[in-house]
Amino acid sequence: MENSTQRQLAELKAHLREVDDLRSVGSLLAWDQATYMPEAGAAARARQIATVEALAHEKATAATVGHLLDALQPYAETLPYDHDDAALLRVARRNYERATRVPTSFAAEVAGHVTESFSVWAEARPANDFARVRPYLEKTLEFSRRYADFFPGYQHIADPLIDSADFGMSAATIGPLFEELRQALTPLVKAIGERPQVDDSCLHQHFPAAGQRAFGEAVIRDYGYDFRRGRQDTTHHPFMTKFASGDVRITTRFDESDLGGGLFSTLHEAGHALYELGIDPAFEGTPLNEGTSAGVHESQSRLWENQVGRSATFWQRYYGDLQRIFPEQLGGVSVEQFYAAVNRVEPSLIRTEADEVTYNLHVIIRFGLELDLLEGKLAIADLPEAWHARYVESLGLRAPDDRDGVLQDVHWYGGLIGGAFQGYTLGNIMAAQFYATALAAHPEIPAEIGQGRFATLHGWLRTNIYQHGSKFTASELLERVTGGPLTLAPYLHYLNTKYGALYGLREERGRP
Ligand code: ZN
């Protein structure tokens, strides 16, 4: 590499590191808002986050970034596609081109607005007060449509929003995939509904939070979550956040009358954290130092939550530990009963607590509503009723109020409308593809899980997925790791096999 190239690359990296520092400061402010900040701090926090976002956006879109990227282009062209510098320059250019479309004033205004909107929603949800958030949501929809307009030439107005979370995806690619999935899930949900239901009353006793926390943290330690590089706090709406390679935090919430909620949130967020912790430390401070897409990220949280944490072999190893923490509650419950309870399938109202089979129907409802809102087919005023109608149609249920209806998810109140939900289902599909590939390479993984050993699985995921950060796009990663594109077959096979056994469904179900 020539001296001038070396100097320009160092200059670019130093500049991008400052952008990363500012974004990390913004994330820290948001983490604090969701964990420890007193409510009265909300207005100032919205302003502070907007200020930091304005600085970050200004720096990210500075002309000097464009000049350095142009100057380094000839160097990038000499490199193999998977060279770290080639990936850095590729991703930095993609981010730069996207960010420069959006004026700094707009980015700051949105950041301030969604922070405020989040605070209003946090009060409106327990109060079941949709009218309170309605003007905020109307403004959010307007911002979302304006955001899309910065990317003229899109096919669907949701595409720029989808693309910013799941690069390479669009309404046209996701729509048919989700429809195919919906058509496969509906008969499975129906067949399960016709079988005797699993009794999950063992999960709904009194479980003091301290014991729940101790158990969950012991499990994620075994998974490989390093508490010297992270911590777990409680919040209303669990999430993972990263400030640096050495500081990847998770949050959870404990409900003392529901053992599953807190535990599976912990396992889920730990999955997100393992991905971030596993990225090559050499990428620190660069745009490569984060998971590559919402879908791939979710594939990792769901894999550790479901493929591992809701598996029979997992509970053979861990159920005794849980019984020792809660002897009165679980002493008389067998491991088979407990395994069935944590996998009970039943149409329900709350997405985050939904079982693996019905979960995607919740996501498909949100995705459809997002498209209708952005297209202007659905007004915010009519959203609560549209929500109820979709639930009745897809899940046969109607929430008694808006709290468990349109107010339940944080996303539209803490971010733009569009691009927020498809990643959840893409993640479920990819998790099955990745896990099937890992099992083919290492058939011993389930037996190891049964012994509380996760090093083979964790190592395989780190080597094949985590270490690369954003170096490869989701579709490149799928192709490299599984040898093929995004496909439903492994996911449907996983669901049909697991739940067919659990609910005693006939083998030939679903075959032509
Ligand atoms: Zn997640």
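Shown above is the structure to which this text applies.
Residues numbered from 1 in each chain as written. Predicted model: local features only at pLDDT ≥ 70, side-chain atom pairs only at ≥ 80, totals over all residues. Heavy atoms only, no water.

Points about the coordination of the zinc ion
Moving on, step 1. Looking at the zinc ion, one finds its protein donor set to be His268 (NE2), His272 (NE2) and Glu298 (OE), positioned 2.1 to 2.4 Å from the metal centre.
Moving on, step 2. Read in sequence order, the donor residues for the zinc ion give the motif H-x3-H-x25-E. Of the two residues, His268 sits in helix 10 (residues 259–277) while Glu298 sits in helix 11 (residues 294–308), which places them 30 residues apart along the sequence. Like His268, the residue Glu298 is buried in the burial classification. (Donors = N, O, S within 2.8 Å, 3.2 Å for Na, K, Ca; no water. Helix = DSSP H or I, 4+ residues; strand = E, 2+ residues; numbered from the N terminus. Buried < 20%, exposed > 50% of the residue type's maximum accessible area, 1.4 Å probe, protein only.)

Points about the environment of Tyr154
Moving on, step 1. Structurally, the position occupied by Tyr154 is in the loop between helix 6 (130–149) and helix 7 (159–165).
Moving on, step 2. Looking at Tyr154, the relative accessible area reads 27%, which means it is partly exposed.
Moving on, step 3. Taking C-alpha positions, Tyr154 is 9.4 Å from Ser170, a pair spaced 16 residues apart along the chain.
Moving on, step 4. Non-local contacts of Tyr154, meaning those with residues more than four positions away in its chain, are made with Ala148, Asp149, Asp159 and Pro160.
Moving on, step 5. Here the side chain of Tyr154 touches Asp149 through a polar contact of 3.3 Å, side chain to side chain. (Contact = heavy atoms within 4.5 Å. Polar contact = N/O pair within 3.5 Å; in protein donor to acceptor, adjacent residues only side chain to side chain.)

As for the sheet that holds strand 2 (residues 240–244)
Moving on, step 1. A sheet is described by the order of its strands in space; here three strands give the open sequence 1-3-2, paired in mixed fashion. Strand pairing shows two members of the sheet lacking a second neighbour, strand 1 (232–234) and strand 2, which therefore form its edges. If you compare each strand with its neighbour and ignore which way they point, the axes differ by 25 degrees on average.
Moving on, step 2. Bridge count between strand 1 and strand 3 (residues 247–252): three bridges; the pairing is parallel. Residue pairing for strand 3: Gln232 is matched across the bridge by Ile250.
Moving on, step 3. Contacting strand 1, strand 2 and strand 3, helix 10 crosses the sheet at an angle of about 165 degrees to strand 3. (Pairing = 2+ DSSP bridges. Axes fitted to C-alpha atoms, helices over the stretch in contact; angles between N-to-C directions.)

Overview of the packing of helix 9 (residues 209–223) against helix 10
Moving on, step 1. With their axes 10 Å apart at the nearest point, helix 9 and helix 10 run at an angle of 30 degrees to one another. The angle between helix 9 and helix 10 places the two elements in the roughly parallel class. Both helix 9 and helix 10 take part in a crossing whose hand is right-handed. Taken together, the residues of helix 10 that come into contact with helix 9 (itself represented by Gln212, Phe215, Gly216, Val219, Ile220 and Tyr223) are Leu259, Gly262, Leu263, Thr266, Leu267, Ala270 and Leu274.
Moving on, step 2. Of the residues in the contact of helix 9 with helix 10, the class split is nine nonpolar, four polar and no charged. (Parallel < 35°, antiparallel > 145°, perpendicular 65-115°, else oblique. Left-handed = near helix turned anticlockwise from the far one by under 90°. Nonpolar A, V, L, I, M, F, W, Y, C, P; charged D, E, K, R; others polar.)

Focus: helix 6
Moving on, step 1. Between its first and last C-alpha atoms helix 6 spans 28 Å; for 20 residues at 1.5 Å apiece the expected length is 28 Å, and the two agree.
Moving on, step 2. At Tyr136, helix 6 shows its largest bend, some 25 degrees.
Moving on, step 3. Among the structural elements, helix 4 (84–99), helix 5 (104–124), helix 7, helix 15 (359–375), helix 16 (383–395) and helix 17 (411–414) are those in contact with the buried residues of helix 6. (Expected span 1.5 Å × (residues − 1). Bend = angle between axes of the 7 residues up to and from the residue.)

Quick look at the pattern of salt bridges
If the charged atoms of two oppositely charged side chains come close together, the side chains can form a pair.
Moving on, step 1. As enumerated under the stated definition, the model contains 33 salt bridges in all.
Moving on, step 2. Here Arg324 makes a salt bridge to Asp321, at a shortest N to O gap of 2.7 Å. Of the two residues, Arg324 and Asp321 are both situated in helix 12 (residues 312–325); the distance of three residues between them amounts to about one turn of the helix.
Moving on, step 3. The network of salt bridges with shared partners includes Asp372, Glu375, Lys377 and Arg390. (Salt bridge = Lys/Arg side-chain N within 4 Å of Asp/Glu carboxyl O.)

Quick look at the pairing of strand 2
Moving on, step 1. The buried fraction of strand 2 amounts to four of the five residues, a majority that puts the element mostly inside the structure.
Moving on, step 2. In the sheet, strand 2 pairs with strand 3 via four bridges, with the strands oriented antiparallel. Bridge pairing in strand 3 places Lys242 opposite Val248.
Moving on, step 3. Counting the residues in the hairpin turn of strand 2 and strand 3 gives two residues.

Notes on the packing of helix 3 (residues 63–78) against helix 4
Moving on, step 1. Interaxial distance between helix 3 and helix 4 falls to 10 Å at its minimum, and their mutual angle equals 145 degrees. As helix 3 packs across helix 4, the resulting crossing turns out to be left-handed. Each of Ala63, Val65, Gly66, Leu69, Asp70, Leu72, Gln73, Tyr75 and Ala76 in helix 3 lies in contact with helix 4, whose residues at this interface are Asp85, Leu89, Ala92, Arg93 and Tyr96.

Examining empty space enclosed by the protein
Unoccupied space between atoms shows up once a probe the size of one water molecule is rolled over them.
Moving on, step 1. Inspection of the entire model under this criterion finds two cavities of 30 Å³ or more.
Moving on, step 2. Of the voids in this model, the largest cavity is the one considered here, and its volume is about 40 Å³.
Moving on, step 3. Mapped onto the lining of the largest cavity, the elements with two or more residues apiece are helix 11 and helix 18 (422–441).
Moving on, step 4. Counting residues per element, the lining of the largest cavity draws most heavily on helix 11, which supplies three residues.
Moving on, step 5. Classifying every residue of the lining of the largest cavity by side-chain character gives two nonpolar, three polar and two charged.
Moving on, step 6. Lining the second largest cavity are Arg94, Asp166, Phe167, Thr292, Ser293, Thr473 and Ala474. (1 Å grid on protein atoms, 1.4 Å probe; cavity = no way out; pocket = protein on both sides within 12 Å on 5 of 7 lines; lining within 4 Å. Points joined across faces, edges and corners; volume = space filled by probe spheres on them.)

So, the nonpolar core
Moving on, step 1. With 130 residues, the main nonpolar core has Tyr223, Trp304, Trp315, Leu330 and Phe338 as its most contacted residues.
Moving on, step 2. When residues of this core are assigned to domains, at least three fall in each of domain 1 (3–124) and domain 2 (171–509).
Moving on, step 3. In contact with Leu330, other than residues within four places in its own chain, are Cys202, Gln205, Phe207, Leu259, Tyr319, Leu322, Gln323 and Phe338.
Moving on, step 4. If you look at the next biggest cluster of nonpolar residues, it comprises 20 residues, including Leu9, Ala87, Leu88 and Leu288. (Core = buried A, V, L, I, M, F, W, Y, C linked by side-chain atoms within 4.5 Å. Domains from an automatic or database assignment.)

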